[in-house]
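Chain residues, written in single-letter form:
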Amino acid sequence: MIVPTLDIRDLRLGFRTYEAYVEVLHGISLNIAPGERVALVGESGSGKSVTARIVLGLLQLLRSARISGSVVFEGRDLDRLSARERQRLRGTRMTMVFQDPTSSLNPVYRIGTQFHEVLRRTEPRINEHAARERAAQMLLEVSIDDPDRVFESYPFQLSGGMNQRVMIAMALANEPALLIADEPGTALDVTVQAQTLKLMRELVEHHHTSVLFISHNLGVVREFADRVYVIYKGRIVEQGPCASVFERPGHAYTRALMAAVPRITGGGLPDIGDEPRDFSQPLVVHESGGYA
Amino acid sequence: MSPPLLEVHGASKVFRLEDREVPALLDVSFDVREGECLAIVGESGAGKTTVANLILGVYPPTDGTILMHGEPLPARRRREHRRAIQLVQQNPLSTLNPKRTVGASLRLALDVHRIGERRERPEIVATLLEEVGLPGDFARRYPAALSGGQRQRVAVARALACRSELVVLDEPTSSLDVLVQARVLRLLEELKPRRGLTYLFITHDLSVVRNFADRVAVFEKGRLLEIGVTEALFAEPEHPYTRRLISAVPVVSREEELVRDRLAEGGLNA
């Protein structure tokens, strides 16, 4: 049996506050096979981004966070790793692309310097010349054909779309097993977003990288992912291959989400009623999705 | 066809910086008819916000004129103009004063524009909240205690409070979740005929435009490329840029995908 790149089981997360204990993830299970693109889709506050932060090992550093369940990355239980070992995984075996590229790059260093730093994560002794060559190669892959100009630029001198491509190149430069993309391109224009997603899709296919794709946009998920998990208030309510979930959404919540999306084919604004409905129906699983 | 409420004639806007000039809008003409919803679509740098600011009177055009009810709008707007043209922005958290209750924010609009008798105003506030689907006791709440959708409803109520004629909606639902977006859009759709409103709807979301706007104006780099009735524009987009915009729309069904791809190639009848 193949070892999944990521295997999350019964993940729970709660926060202790002065007044009470608040649970925000109520037992999430999710897996990603090598080279598979999996989306986690839900509304704000549903628990998508905290899940990503646990996978990265960032929330574990927060003292008020209570985490239980298991997160196994390439066969290693993250819980058994020390903070230092987890830190070593970040930026090497698992990397991340954020929503707003311009604010995730360091504003006071040139791109060339930042790229060198990225490459040093796996190859601490890499010299500037070799780093440039390797980085130029990566930039070519994201269709940036004047790498020298980009290396000499500060992030504010480049457009948002350009910065996003630089981020993607950096995220893939160390050949990670898992790329976590949290709402990539949401801050970009529609045509730029479409290009960026297409590019990212081709690249991860080529490098056989697994992706955890976090988004609230159903259309974007459908274009990008192989499989989708729908999350609602800290619970997975539906999962399956994209084609099947989008064609035949089974859970009341997924159906409501789908019904709320205005269609390019017209037909008027969606009518979804005023009252929030009860979506506490059990998990709906579409067959042939992933493996247990 | 209803008469124009607002006419923009040959409007240009050039921003003069210390060392150079930035043309933001280049010789743009169009009109907004009474009771319609005209969508302004385009990407960043298209001039959408400049159009809105010219109409709102934030700054005057470098060239050209803007007429309302056939009368030119002066560079320095009178209170009457400020009342008649209202704005609902993308992020209501930054446009509602966090230290004022919802009721106080609405009341301020009534006070400034002297709407209703002084003692009637609390009642008008309550009616406004009801109109946008919020409970009356929300008047005592602060914006921080409201959800995104509720805040946007308050922003809409404030635009209504002024008995406005034209409401500029600048990406009013882009920061909302899809279920909330659907409800807010529906509210806006219902209010338009009931309150005799006209909308100028600024957005980059073509799927919303397709279902919400009566006419669409496509902007790119400060130029108006194409303007037409929504149905027609989405059956036969003429400008290559419009087609490119449509081809980039993420869709959720196979049926939409087919329509989108045919539009991107030239049109449904091509």
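Presented here is an overview of the structure given in this document. (Residues numbered from 1 in each chain as written. Chains lettered and ligands numbered in written order. Predicted model: local features only at pLDDT ≥ 70, side-chain atom pairs only at ≥ 80, totals over all residues. Heavy atoms only, no water.)

Considerations on the pattern of salt bridges
Inspection of the entire model under this criterion finds 31 salt bridges over all chains. The partner of A:R9 in a salt bridge is A:D7, and the shortest N-O contact between them spans 3.0 Å. What makes A:R9 partly exposed here is its relative accessible area of 46%. A salt bridge links B:D111 to B:R121; the nearest nitrogen and oxygen atoms lie 2.7 Å apart. With B:D111 in helix α4 (residues 102-112) and B:R121 in helix α5 (residues 121-131), this pair connects stretches of sequence that are 10 residues apart. Residue B:D111 is classed as partly exposed on the basis of its relative accessible area, which comes to 27%. (Salt bridge = Lys/Arg side-chain N within 4 Å of Asp/Glu carboxyl O. Buried < 20%, exposed > 50% of the residue type's maximum accessible area, 1.4 Å probe, protein only. Helix = DSSP H or I, 4+ residues; strand = E, 2+ residues; numbered from the N terminus.)

Some words on unusual backbone geometry
One non-glycine residue, A:D10, lies in positive phi territory at about 45 degrees. By the element assignment, A:D10 lies in strand β1 (residues 6-16). Residue A:D10 is classed as partly exposed on the basis of its relative accessible area of 40%. With phi around 50 degrees, B:R114 is a residue other than glycine that occupies positive phi space. Along the chain, B:R114 turns up in the loop between α4 and α5.

Quick word on the environment of A:G91
Residues and elements named next belong to chain A. Here G91 lies in the loop between α2 (83-89) and β6 (94-97). As a C-alpha pair, G91 and L62 span 29 residues in sequence and 20 Å in three-dimensional space. Not counting chain neighbours up to four residues away, the residues in contact with G91 comprise R121 and N174. (Contact = heavy atoms within 4.5 Å.)

Quick notes on the interface of chain B and chain A
Contacts between chain B and chain A engage 33 residues on the former and 36 residues on the latter. In total, about 3100 Å² of surface goes out of reach between chain B and chain A, with carbon and sulfur atoms giving 59% of it. When the buried surface of chain B facing chain A is broken down by residue, B:L179, B:N211 and B:V252 rank first, second and third, together holding 22% of it. Our count for the chain B to chain A interface comes out at 4 salt bridges. One salt bridge in this structure joins A:D271 and B:R186, with 3.9 Å as the shortest N-O distance. Across the chain B-chain A interface, the total number found is 13 residue pairs in polar contact (both at pLDDT 80 or more). Going through the elements one at a time, α7 (178-194), α8 (206-212), α10 (240-247) and α11 (254-265) of chain B are the ones with two or more residues in the side of chain B that touches chain A. Counting residues per element, the side of chain B that touches chain A draws most heavily on α7(B), which supplies 8 residues. (Buried area = accessible area lost by both parts, 1.4 Å probe. Polar contact = N/O pair within 3.5 Å; in protein donor to acceptor, adjacent residues only side chain to side chain.)

Here's the deal with the sheet that holds strand β5 (residues 71-72) of chain B
Pairing between the strands of a sheet comes from backbone hydrogen bonds, and it takes one of two forms, parallel or antiparallel. Residue and element names in this part refer to chain B. The strand order across the open sheet formed by 4 strands is β2-β1-β4-β5, and the pairing between neighbours is antiparallel. With one partner strand each, in any of the chains shown, β2 (21-33) and β5 form the two edges of the open sheet. Where strand β1 (residues 4-16) and strand β4 (residues 63-68) come together, 5 bridges link them in antiparallel fashion. When the bridges of β4 are listed, E7 appears paired with L67. Across the sheet, helix α1 (residues 48-56) touches β1, β2 and β4, and the angle it forms with β2 is around 65 degrees. (Pairing = 2+ DSSP bridges. Axes fitted to C-alpha atoms, helices over the stretch in contact; angles between N-to-C directions.)

Some thoughts on the packing of helix α6 (residues 148-161) of chain B against α7(B)
Residues and elements named next belong to chain B. α7 packs onto α6 with a crossing angle of 15 degrees between their chain directions and a minimal axis gap of 10 Å. With respect to α7, the axis of α6 lies roughly parallel. α7 is crossed by α6, and the crossing has right-handed handedness. Across the interface between the two elements, G149, Q152, R153, V156 and L160 from α6 touch V180, R183, V184, L187, L188 and L191 from α7. Across the contact of α6 with α7, the residue classes break down as 7 nonpolar, 2 polar and 2 charged. (Parallel < 35°, antiparallel > 145°, perpendicular 65-115°, else oblique. Left-handed = near helix turned anticlockwise from the far one by under 90°. Nonpolar A, V, L, I, M, F, W, Y, C, P; charged D, E, K, R; others polar.)

Notes on α6(B)
Residues and elements named next belong to chain B. The terminal C-alpha atoms of α6, which comprises 14 residues, lie 20 Å apart, in line with the 20 Å expected from a rise of 1.5 Å per residue. Of all 14 residues that make up α6, 11 are buried, and the element is covered over most of its length. Taken together, the buried positions of α6 are G149, R151, Q152, R153, V154, A155, V156, A157, A159, L160 and A161. Where α6 is buried, its residues meet β6 (85-88), α3 (92-95), α4, α5, β7 (166-170) and α7. Positive phi appears at R163, one or two residues downstream of α6, with a value of about 50 degrees. (Expected span 1.5 Å × (residues − 1).)

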